[in-house]
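The lines below spell out each chain.
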Amino acid sequence: MESMLAPATKMLQPIAGDQKLKFSTSDDTVMLKQIQAVHIPDGRDINVRPLLSIVEDIFNRADSIVTPSMQAHAEALQDQTYQNNVTEMIEALSFLIDRISCEIAFKCTETAEAHATTMSILNMVSSYPWDVKLVIALSAFAVNYGEFWLLAQSYTSNQLAKNLAILKQVPEILQHTSMLKSRFDTIRSLIRAMLDIANCIVEFKELPPKYIAYDFSAMSSAMDHIPVAIYWTIRSMLTSASQITGLSGFGNEYLLSTTESWELSTLVHKLNNMHSHLRNLLASCRKQIDDRKFMEAYQNLLYLFETAQIENMKVLKALLNPKNDPLPLFDGATKRRVNLDVLRRRNVLLLISDLDILPEKIAILEQIYNESRSQPSRLESQYEFVWLPVLDPTVPLSETSQEKFERLRSMMTWYTLNHPSMIDRAVFKFIREVWHFEKKPLLVVLDPQGQVVCPNALHMMWIWGSLAFPFTTPREEALWKAETWRLELLVGGIDPVIQNWITEGRFIFLYGGEDIEWIRKFTSSVKAFSRASGLSVEMVYVGKSNPKERVRRNMATIIAEKLSYCLPDLTAVWYFWIRIESMWYSKHQLGKTDDNDPITREIMTLLSYDGSAGGWALLSRGTAEMTKAKGSAFLSCLSDYTLWAEEMREKGLVPTIHDYFLKHPAPHHCNRLVLPGFAGRIPERVSCFDCGRIMEKYILYQCCDE
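First, a word on what this report is: a plain description of the structure on this page.

Analysis parameters
- Residue positions are given per chain, counted from 1 along the sequence in the order it is written.
- Only residues with pLDDT of at least 70 get local features here, since the model is predicted, and only at 80 or more are side-chain atom pairs given and counted; chain-wide, interface and lining totals rely on the full set of residues.
- Just so you know, side-chain values use all the structure's heavy atoms and leave hydrogens and water out.
- Secondary structure elements follow DSSP: runs of H or I no shorter than four residues count as helices, runs of E no shorter than two count as strands, and numbering proceeds from the N terminus.
- Should any heavy atoms of two residues lie within 4.5 Å, those residues are considered in contact.
- In this description, accessible areas are obtained by the Shrake-Rupley approach with a 1.4 Å probe, and a residue is regarded as covered only by the protein chains that are shown.
- Any two strands are treated as partners once DSSP identifies two or more bridges connecting them.
- Convention adopted: a line fitted to C-alpha atoms gives each axis, helices being fitted over their contacting stretch, and angles between N-to-C directions are expressed from 0 to 180 degrees.
- A pair is scored as a salt bridge if a Lys or Arg side-chain nitrogen falls within 4 Å of a carboxyl oxygen belonging to Asp or Glu.
- We call a residue buried when its accessible area falls under 20% of the maximum for its residue type, exposed when it is over 50%, and partly exposed in between, using a 1.4 Å probe and counting protein chains only.
- The pairing test for Phe, Tyr and Trp rings, Trp by its six-membered ring, is centres within 6.5 Å, and the orientation test on the planes gives stacked under 30 degrees, edge-to-face over 60, and tilted for anything in between.
- By the criterion adopted, a ring carries a charge over it if an Arg CZ or a Lys NZ lies within 6 Å of its centre and within 35 degrees of its normal.
- For classification purposes, an angle smaller than 35 degrees is called roughly parallel, one larger than 145 roughly antiparallel, one from 65 to 115 roughly perpendicular, and anything else oblique.
- By the definition used in this description, the sense in which the near helix is turned from the far one sets the handedness, with an anticlockwise turn below a right angle giving left-handed and a clockwise turn giving right-handed.
- Note that Gly is not counted as nonpolar here; it falls among the polar residues with everything else outside the nonpolar set of Ala, Val, Leu, Ile, Met, Phe, Trp, Tyr, Cys and Pro and the charged set of Asp, Glu, Lys and Arg.
- Patches were defined on residues exceeding 30% relative accessible area and lacking a salt bridge, with like-charge contacts within 9 Å and nonpolar side-chain contacts (Val, Leu, Ile, Met, Phe, Trp, Tyr) within 5 Å.
- Multiplying 1.5 Å by the helix residue count minus one yields the expected span of that helix.
- Think of a nonpolar core as a cluster: buried Ala, Val, Leu, Ile, Met, Phe, Trp, Tyr and Cys residues, connected wherever their side-chain atoms sit within 4.5 Å.
- Those domain boundaries reflect an automatic or database domain assignment.

## Structural notes on the overall build of the protein
Right, on to step 1. Looking only at helices and strands, the protein has 27 helices and 12 strands in total.
Right, on to step 2. Across the protein, the fraction of contacts at a sequence separation of at least 24, relative to all contacts at a separation of at least 6, is 73%.
Right, on to step 3. Carbon and sulfur atoms provide 53% of the accessible area of the protein, an area that totals close to 33800 Å².

## Here's the deal with the sheet that holds strand S10 (residues 565–566)
Right, on to step 1. Pairing is mixed in the open sheet, where 5 strands are placed in the order S10-S9-S8-S11-S12. Every interior strand has two partners, whereas the edge strands, S10 and strand S12 (625–630), have only one.
Right, on to step 2. As defined by bridge partners, strand S8 (residues 507–512) adjoins strand S11 (residues 616–621) across 6 bridges and the pair is classed as antiparallel. Each residue of the ladder has a partner; that of Phe 507, found in S11, is Arg 621.
Right, on to step 3. Across the sheet, helix H21 (residues 516–533) lies against S8, strand S9 (537–541) and S11, angled at about 165° from S9, the strand it touches most.

## What to know about the pattern of salt bridges
Right, on to step 1. With the rule as written, the count across this model stands at 38 salt bridges.
Right, on to step 2. In this structure, Lys 439 engages Asp 356 in a salt bridge whose closest nitrogen and oxygen atoms are separated by 2.7 Å. Residue Lys 439 is found in the loop between helix H16 (425–433) and strand S6 (442–446), and its partner Asp 356 is found in the loop between strand S3 (347–353) and helix H14 (359–373); the two are separated by 83 residues along the sequence.
Right, on to step 3. Residue Asp 356 is classed as partly exposed on the basis of its relative accessible area of 44%.
Right, on to step 4. With a closest N to O distance of 2.8 Å, Glu 561 and Arg 520 form a salt bridge. Of this pair, Glu 561 sits in the loop between helix H22 (549–560) and S10 while Arg 520 sits in helix H21, and the two are 41 residues apart along the sequence.
Right, on to step 5. Overall, Arg 520 belongs to the partly exposed group, its relative accessible area being 27%.
Right, on to step 6. Through salt bridges with shared partners, a single network forms among Glu 311, Asp 341, Arg 344 and Arg 345.

## Digging into the packing of aromatic side chains
Centre-to-centre distance and the angle between the planes together describe a pair of aromatic rings.
Right, on to step 1. The full count for this structure, using the stated rule, is 34 aromatic pairs.
Right, on to step 2. Seen from their ring centres, Phe 469 and Phe 471 are 6.1 Å apart, and the 90° between their planes marks the pair as edge-to-face.
Right, on to step 3. These aromatic residues form a ring-pair network of at least three members: Phe 509, Tyr 511, Trp 518, Phe 522, Tyr 541, Phe 634, Tyr 660 and Phe 661.
Right, on to step 4. Lying over the aromatic face of Phe 294, Arg 425 brings its terminal NZ or CZ to 4.1 Å of the ring centre.
Right, on to step 5. The ring of Tyr 298 is capped by Lys 429, whose NZ or CZ atom sits 4.9 Å from the centre of that ring.

## Quick notes on the pairing of S11
Right, on to step 1. For S11, the buried fraction is high: 5 of the 6 residues fall into the buried class.
Right, on to step 2. The hairpin formed by S11 and S12 contains 3 residues between the paired strands, and Gly 622 there has a positive phi angle of roughly 65°.

## A closer look at the packing of H21 against helix H25 (residues 631–639)
Right, on to step 1. Where H21 contacts H25, the axes come no closer than 10 Å and their chain directions differ by 30°. If you check the angle between H21 and H25, you find them roughly parallel. Between H21 and H25 the crossing geometry is left-handed. Residues Trp 518, Lys 521, Phe 522, Ser 525, Val 526 and Phe 529 of H21 touch H25, and the partners they reach there are Gly 631, Ser 632, Phe 634, Leu 635 and Leu 638.
Right, on to step 2. Residue classes in the contact of H21 with H25 are distributed as 7 nonpolar, 3 polar and 1 charged.

## Side note on a nonpolar patch on the surface
Right, on to step 1. Side chains of Leu 160, Leu 164 and Leu 167 sit close together on the surface and give an oily, nonpolar patch of about 340 Å² of accessible area.
Right, on to step 2. Secondary-structure assignment places Leu 160 in helix H8 (residues 159–167).
Right, on to step 3. A relative accessible area of 58% places Leu 160 in the exposed class.

## Topic: the pairing of S3
Right, on to step 1. The element S3 is largely enclosed, with a buried count of 7 among its 7 residues.
Right, on to step 2. Residues of S3 alternate between two faces, with Asn 347, Leu 349, Leu 351 and Ser 353 on one and Val 348, Leu 350 and Ile 352 on the opposite face, all of them buried.
Right, on to step 3. For S3 and strand S4 (residues 383–389), the ladder comprises 7 bridges, and the chain directions are parallel. Bridge pairing links Leu 349 to Phe 385 in S4.
Right, on to step 4. Across 5 bridges, S3 lies against S6 in antiparallel orientation. Looking across to S6, one finds that Leu 350 is bridged to Val 444.

## Considerations on the sheet that holds S4
Right, on to step 1. The 7 strands are arranged S2-S1-S5-S4-S3-S6-S7 in an open sheet whose pairing can be described as mixed. Looking along the sheet, the strands with just one partner apiece sit at the ends: strand S2 (336–338) and strand S7 (452–454). Direction aside, neighbouring strands of the sheet carry axes that sit 35° apart on average.
Right, on to step 2. The sheet contacts of H14 involve S3 and S4, and relative to S4 the element is tilted by about 155°.

## A short note on H14
Right, on to step 1. Taking 1.5 Å as the rise per residue, H14 with 15 residues should run 21 Å; its terminal C-alpha atoms sit 21 Å apart, in good agreement.
Right, on to step 2. All of the buried residues in H14 are Lys 361, Ile 362, Ile 364, Leu 365, Glu 366, Ile 368, Tyr 369 and Ser 372.
Right, on to step 3. Those residues of H14 that are buried lie in contact with S3, S4, helix H15 (399–409), helix H17 (458–464) and helix H23 (570–589).

## Some thoughts on the packing of helix H5 (residues 87–107) against helix H6 (residues 114–124)
Think of two packed helices as two axes; the pair is described by the angle between the axes and how far apart they sit.
Right, on to step 1. Between H5 and H6, the shortest axis-to-axis distance is 11 Å and the interhelical angle comes to 175°. One way to sum up the angle between H5 and H6 is to call them roughly antiparallel. For the pair H5 and H6, the contacting residues are Leu 96, Arg 99, Ile 100, Glu 103, Ile 104 and Lys 107 in the first and Thr 117, Ser 120, Ile 121 and Met 124 in the second.
Right, on to step 2. Each residue belonging to the contact of H5 with H6 can be placed in one class, and the counts come to 5 nonpolar, 2 polar and 3 charged.

## Quick notes on the nonpolar core
Right, on to step 1. Ranked by size, the top nonpolar core spans 99 residues in total, and within it Phe 385, Phe 471, Leu 490, Leu 510, Phe 522 and Phe 576 carry the most contacts.
Right, on to step 2. Sorting elements by how many residues they give to this core places H23 first, with 12 residues.
Right, on to step 3. Built from parts of two domains, this core gets at least three residues from each of domain 2 (312–464) and domain 3 (487–681).
Right, on to step 4. Contact partners of Leu 490, with chain neighbours within four places excluded, come to Trp 485, Leu 510, Phe 576, Arg 579, Ile 580, Met 583, Leu 606 and Leu 618.
Right, on to step 5. Membership of the second largest hydrophobic core comes to 78 residues, among which are Ile 121, Phe 204, Leu 278 and Leu 282.

Limitation: the analysis is restricted to geometry and does not speak to function.
And the structure:
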């Protein structure tokens with residue numbers, strides 16, 4: 001056998017230096033011209049993927065004889081490779097496959113003619129595309145390889161197979177499998193490398209031509225390298241076939257010679273290098289395809305939202321279901337996945353957030369949503385909610401994030417996107433760049449035609465709930481025209497107890513801040529005033545914006561010491577302040593300022609109280625009377641009750657205290673206004689509510705883990 005392989009060994013002598021294992025050598029450059037000279041495709045386009053699957057299955061099942069662990073993999077494939085309708089293709093190619101199979105069997109032992117035989121096979125497939133050439137040749141080799149191992153597999157149970165196996169010395173060969181293990185392992189490695197290259201070249205053929213041009217550098221480079229890779233893969237088939245064919249003539253010499261071992265190992269290494277290089281080029285091509293698909297999808301989104309639509313399904317499909325999932329939505333009420341058709345011709349409110357959305361926001365939105373569902377015939381109930389969890393699609397979702405997503409989704413009875421991964425790069429870019437989503441949640445409103453009627457209706461939802469439907473700017477302006485500065489506007493439907501007090505015309509103090517000592521002094525002063533004046537006065541603690549643990553402790557202390565009434569919980573406290581912030585945002589985007597709008601001025605005063613140190617209070621009765629001041633001013637006023645008691649009997653409590661503040665302004669003040677961070681909407685000029693001067697502007701970054 002050594003003498004038989006000697007001439008082939010000469011042909012495969014290493015090229016000088018490190019050139020022997022490089023993908024493209026000077027020899028390969030010359031060879032490329034020879035290969036291209038016999039490449040005369042006739043335009044036929046054949047899908048060889050099913051045929052390649054059959055070939056791969058043959059090699060896997062053959063390997064299972066000498067490698068039992070491969071049996072499970074081979075059986076897992078079952079007969080799925082034959083379920084495809086490939087009959088016509090095989091009928092058309094069977095003669096050519098058989099002819100090449102004979103060529104391989106006859107010429108593989110003529111190792112001196114390996115190059116000529118390879119070129120002969122390439123000439124036989126000259127009229128086919130590159131991928132088809134290789135798969136046809138690989139199919140021919142699989143016939144020879146598979147026949148040998150089929151005999152090895154069945155000769156013990158089939159007499160015909162046994163007779164044929166004896167003629168081919170198969171039982172003798174299998175008796176020495178331990179000695180031949182190294183040879184079989186190397187041949188299997190070489191076959192695996194052939195299949196890798198074949199799969200890679202077929203994958204190149206399967207790239208969508210719409211998104212990849214042959215003049216693209218990676219694709220152009222691949223087209224130069226594929227012919228040489230095909231040549232060396234066919235050359236490797238001949239070498240492998242010679243090893244299998246030659247087994248029957250070895251006698252007792254079952255060990256590979258050093259030259260034979262080097263030849264096989266060199267081919268394995270060469271094909272692996274070629275595959276690695278082609279795989280890198282394929283990755284570059286796929287990246288370009290992904291980039292082009294991404295830009296196409298992004299431009300399509302821009303077009304859809306800029307163009308009038310008859311209905312909303314095209315828009316919703318591009319936005320919510322770009323991956324064509326049959327059931328892209330999850331119904332929080334039924335806990336079942338549903339089709340996008342549930343949103344057809346409906347007003348759709350898209351709640352856009354990351355996984356850090358506050359549970360308080362979900363709880364309040366849930367309350368508003370359920371109230372609207374309780375009266376489905378009302379005009380303001382004609383909308384659907386959909387939560388879009390917007391996460392960077394290039395970052396895999398961690399197990400912790402998955403659990404967080406499922407926990408948040410379980411709190412929602414409306415529709416949600418079934419999984420964050422359904423938002424692709426184009427949608428992510430559109431939401432970030434066009435709708436300006438960064439961190440704070442958005443509530444984008446789409447009409448039944450899929451057009452945006454409000455880029456963020458959250459502020460309207462916080463202030464008026466479903467009454468703001470259809471959440472358009474004209475509707476927002478109309479609602480403000482009907483409003484006056486009154487306690488009902490501030491407390492909305494947060495607490496029915498307070499609403500009852502307002503209806504009954506009681507005196508109500510709203511007060512806030514975090515200093516528990518001031519709270520004790522203030523509530524004690526109010527109670528003393530109530531006893532002295534004989535007036536019944538109610539007090540409600542509203543805490544501070546973004547309530548933390550200190551506000552929770554204050555509420556527990558107030559209840560335990562029976563200092564006053566509190567809002568029910570931290571969610572209610574948060575809702576109180578987010579409504580005030582939303583009022584400022586709404587007024588500001590409508591062009592209202594503290595100079596030209598009295599409600600805006602009152603809102604900014606409350607926000608200034610909240611942002612400054614110390615407590616504050618607001619006194620109201622009914623729907624018209626209201627006054628407010630910082631905590632120190634109220635303490636001074638209440639301690640001076642005897643000075644204005646008579647005036648109170650004539651004017652009433654609220655007007656009298658209001659006049660007191662006008663007559664006794666604070667000698668010094670230091671007011672701080674912290675406005676909610678709505679990007680790009682911070683006013684350039686803000687007047688101090690105490691003195692009217694323009695306030696200095698600073699940028700505040702805050703992190704409080706209390």
